[in-house]
Amino acid sequence: MTKVNGFILNAQKLLSSRARTLNPSAIREIFKYTGVGGIISLAGGYPDPNLFPYDKVKESVNAALDKYGPKMLQYSSTQGVPEFLDYLRWFMREREGCHHCDEEALMVVSASQQALSLLAQVLIDPGDIVIVEEPTYVGGLVAFRAMQARFVGVPLDEDGIRIDILEQKLRKHRAKGDPVKAIYTIPTFHNPAGYTMSIDRRRRLVELAQEYNVLIIEDDPYGYLVYEGERPPTVKSFDTGAVVIYLTTFSKTLIPGYRLGFAVGHPDIIRKMVVAKQAADLCTSAFVQYATLEYMQRGYFDEHIAKLREAYGQKLQAMLQSLEHHFSDIEGVVWSKPKGGFFVWMTLPEWVDTYEMFKYAVDAGVVYVYGSAFYPYPELGKRNTLRLNFSLPTPEQIEEGIKRLRQAYERYKADKGR
Ligand SMILES: Cc1ncc(COP(=O)(O)O)c(C=O)c1O
């Protein structure tokens, strides 16, 4: 029991049974090293603040205040402010080839983490199954776990989710009568793996979801951050029957401080998410919605994306070259070669446990996220994997960070007697 100003409240007794099962994410401990003198962090997933479009943000905020006045400072509709909703519907239809973006199919959210949380609330009864990629985004796991979902993992390869294994698992769980509610996927420039799902698998995924009456949750924060080749079509663009809930966010393409994103999907689901959002925060800031609308209408979105592609593309190259330089001589070491996004996924020899190796990394002055954190049941995850971020550090820090990672590996190897 924690004493507050001398008083004791038995708070534990007041917590719901659901809250008692909530635990802070294991990776929080890693972030205490971020910003600690001299340590290079390849751990987080932050955009580079030097790339934030300060001037364009200021300009669009001021212009929007002049244009929209008090509406911008007022409470607003839970679904989103009408002008921004109209714009996003147009955006999804014309630019993303979305087949159904009418009135009740689209809502604004306070960034995609909120959409995941709302989806978990409206879909999951305790024990319901969510199929997730292995590895997957920790925040997705946290949102579904909070509603006491069970997870079924499907491995990834370089072409995204293993669709053959997915089909087997769907068949097996249908035969058992299990309540499989959703398939959660990050198909483009995956967090943490960096892989991108092939077009064939995107098409097949939609067919399978229709056949098994399961929702696809397509989480797409990185799709625009493409550094090589073309941006692949979204899974949503293959979806004529509204089996996909598409989520995206302005966190990586504009600024995370706005906490702004949107969700598009079946109206029956979106309507329920709107009700759940009412309970969560009444509405997403009208200020932020009008400012972003103005920013986009001025053409700044595409202009800024072009800059991000250039700058992050260079950082990705720095990371791939450093890995080549410092790790290509070790048998059994491989890493993903993403064409966009923020992350590279690394696999070390089988005997390595990256959780154990972490303290060697801290001693060498670098941090990463150990791979087991990205598995629904970390104890069953691949312990010889880790995630590296290249969006926040400079190219020089990336090179130095990978060099230190090799030093950490060598010291760990020596201590293991390998
Ligand atoms: C795959 C994925 N989904 C969702 C989010 C949440 O982002 P936000 O809530 O800022 O939109 C992130 C953030 O890193 C992410 O990587």
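Our structure is the block above this text.
Keep in mind the model is a prediction, meaning the values are calculated, not measured.

Rules of the game
Residues numbered from 1 in each chain as written. Predicted model: local features only at pLDDT ≥ 70, side-chain atom pairs only at ≥ 80, totals over all residues. Heavy atoms only, no water. Helix = DSSP H or I, 4+ residues; strand = E, 2+ residues; numbered from the N terminus. Contact = heavy atoms within 4.5 Å. Areas by Shrake-Rupley, 256 points an atom, 1.4 Å probe, with all protein chains shown as cover. Lys, Arg positive; Asp, Glu negative; His and termini not counted. Charge placed at Lys NZ, Arg CZ, Asp CG, Glu CD. Near = heavy atom within 4 Å. Polar contact = N/O pair within 3.5 Å; in protein donor to acceptor, adjacent residues only side chain to side chain. Nonpolar A, V, L, I, M, F, W, Y, C, P; charged D, E, K, R; others polar. Axes fitted to C-alpha atoms, helices over the stretch in contact; angles between N-to-C directions. Parallel < 35°, antiparallel > 145°, perpendicular 65-115°, else oblique. Left-handed = near helix turned anticlockwise from the far one by under 90°. Salt bridge = Lys/Arg side-chain N within 4 Å of Asp/Glu carboxyl O. Buried < 20%, exposed > 50% of the residue type's maximum accessible area, 1.4 Å probe, protein only. Pairing = 2+ DSSP bridges. Core = buried A, V, L, I, M, F, W, Y, C linked by side-chain atoms within 4.5 Å.

### Here's the deal with the overall build of the chain
Consideration 1: Helix and strand content of the chain: 14 helices and 16 strands.
Consideration 2: Counting only C-alpha atoms and orienting by the principal axes, one finds that the chain spans roughly 65 × 65 × 55 Å.
Consideration 3: Intrachain contacts of the chain at a sequence separation of at least 6 include 74% that bridge at least 24 residues.
Consideration 4: If you sum the accessible surface of the chain, you get close to 18600 Å²; carbon and sulfur atoms cover 51% of it.
Consideration 5: In the chain, the 50 positive side-chain charges and the 50 negative ones have mean positions that sit 6 Å from each other.

### A closer look at the site of the ligand
Consideration 1: Taken together, A111, S112, Q113, Y137, N191, D219, P221, Y222, T249, S251, K252 and R259 are the residues near the ligand.
Consideration 2: In this structure, Q113 approaches the ligand through a main-chain N or O atom, which is 2.9 Å from an oxygen atom.
Consideration 3: A distance of 2.9 Å separates an oxygen atom of the ligand from a polar atom in the side chain of R259.
Consideration 4: When grouped by side-chain class, the residues that make up the shell around the ligand number four nonpolar, five polar and three charged.

### Topic: the packing of helix α5 (residues 82-96) against helix α11 (residues 286-297)
Consideration 1: It is the contact of α5 with α11, at a shortest axis distance of 9 Å, that shows an interaxial angle of 45 degrees. One way to sum up the angle between α5 and α11 is to call them oblique. In this structure, the crossing between α5 and α11 has a hand that is left-handed. Judged by residue contacts, P82, E83, F84, Y87 and F91 of α5 engage Q289, Y290, T292, L293, M296 and Q297 from α11.
Consideration 2: Residues belonging to the contact of α5 with α11 are distributed by class as follows: seven nonpolar, three polar and one charged.

### Observations concerning the pattern of salt bridges
Pairs can form between side chains of opposite charge once their charged atoms are near each other.
Consideration 1: Scanning all chains against the criterion turns up 29 salt bridges.
Consideration 2: The salt bridge partner of E59 is R298, with a shortest N-O separation of 2.8 Å. Taken together, the residues span a long stretch of sequence, with E59 in helix α4 (residues 54-68) and R298 in the loop between α11 and α12 (300-327) at a distance of 239 residues.
Consideration 3: Taking the relative accessible area as the measure of exposure, E59 reaches 32% and is therefore partly exposed.
Consideration 4: Of the charged contacts, one joins R203 and D200 as a salt bridge, the two residues approaching to 3.6 Å between their closest N and O atoms. Of the two residues, R203 and D200 are both situated in helix α9 (residues 199-212); the distance of three residues between them amounts to about one turn of the helix.
Consideration 5: With a relative accessible area of 40%, R203 lands in the partly exposed category.
Consideration 6: Salt bridges linked by common partners bring E59, K67, E294 and R298 together as one network.

### Quick word on the sheet that holds strand β16 (residues 385-389)
Consideration 1: Pairing is antiparallel across the open sheet formed by four strands, whose spatial order is β12-β13-β16-β15. Only two strands of the sheet have a single neighbouring strand rather than two, namely β12 (334-335) and β15 (369-370).
Consideration 2: Note that β12 and strand β13 (residues 343-347) share two bridges and pair antiparallel. When the sheet's bridge partners are listed, W335 is paired in β13 with M346.
Consideration 3: Together, β12, β13 and β16 form the strand contacts of α12, whose direction differs from that of β13 by roughly 15 degrees.

### Some remarks on the sheet that holds strand β7 (residues 160-161)
Consideration 1: Pairing within the open sheet is mixed, and its eight strands lie in the order β4-β11-β10-β9-β8-β5-β6-β7. Because the sheet does not close on itself, it has two edges, and the strands there are β4 (106-109) and β7.
Consideration 2: As paired strands, strand β8 (residues 180-185) and strand β9 (residues 215-219) are joined by four bridges and run parallel to one another. Directly across from T185, in β9, lies its bridge partner E218.
Consideration 3: With respect to the sheet, helix α8 (residues 163-176) is in contact with β5 (129-134), β6 (150-157), β7 and β8, its orientation differing from that of β6 by roughly 160 degrees.
Consideration 4: Along the sheet face, helix α10 (residues 267-281) touches β4, β9, β10 (244-249) and β11 (261-264) and points at about 30 degrees away from the line of β4.

### Digging into the nonpolar core
Consideration 1: Core analysis: the biggest nonpolar cluster contains 78 residues, and F327, M346 and L388 have the highest contact counts within it.
Consideration 2: In terms of residue count, the dominant contributor to this core is α12 (eight residues).
Consideration 3: Core analysis: the next-biggest nonpolar cluster, separate from the first, contains 35 residues, Y87, V264, L293 and I305 among them.

### Considerations on the side chain of H326
Consideration 1: Along the polypeptide, H326 turns up in helix α12.
Consideration 2: For H326, a relative accessible area of 12% gives the class buried.
Consideration 3: If we ignore the near neighbours within four places in the chain, the residues touching H326 are E399, I402, K403 and R406.

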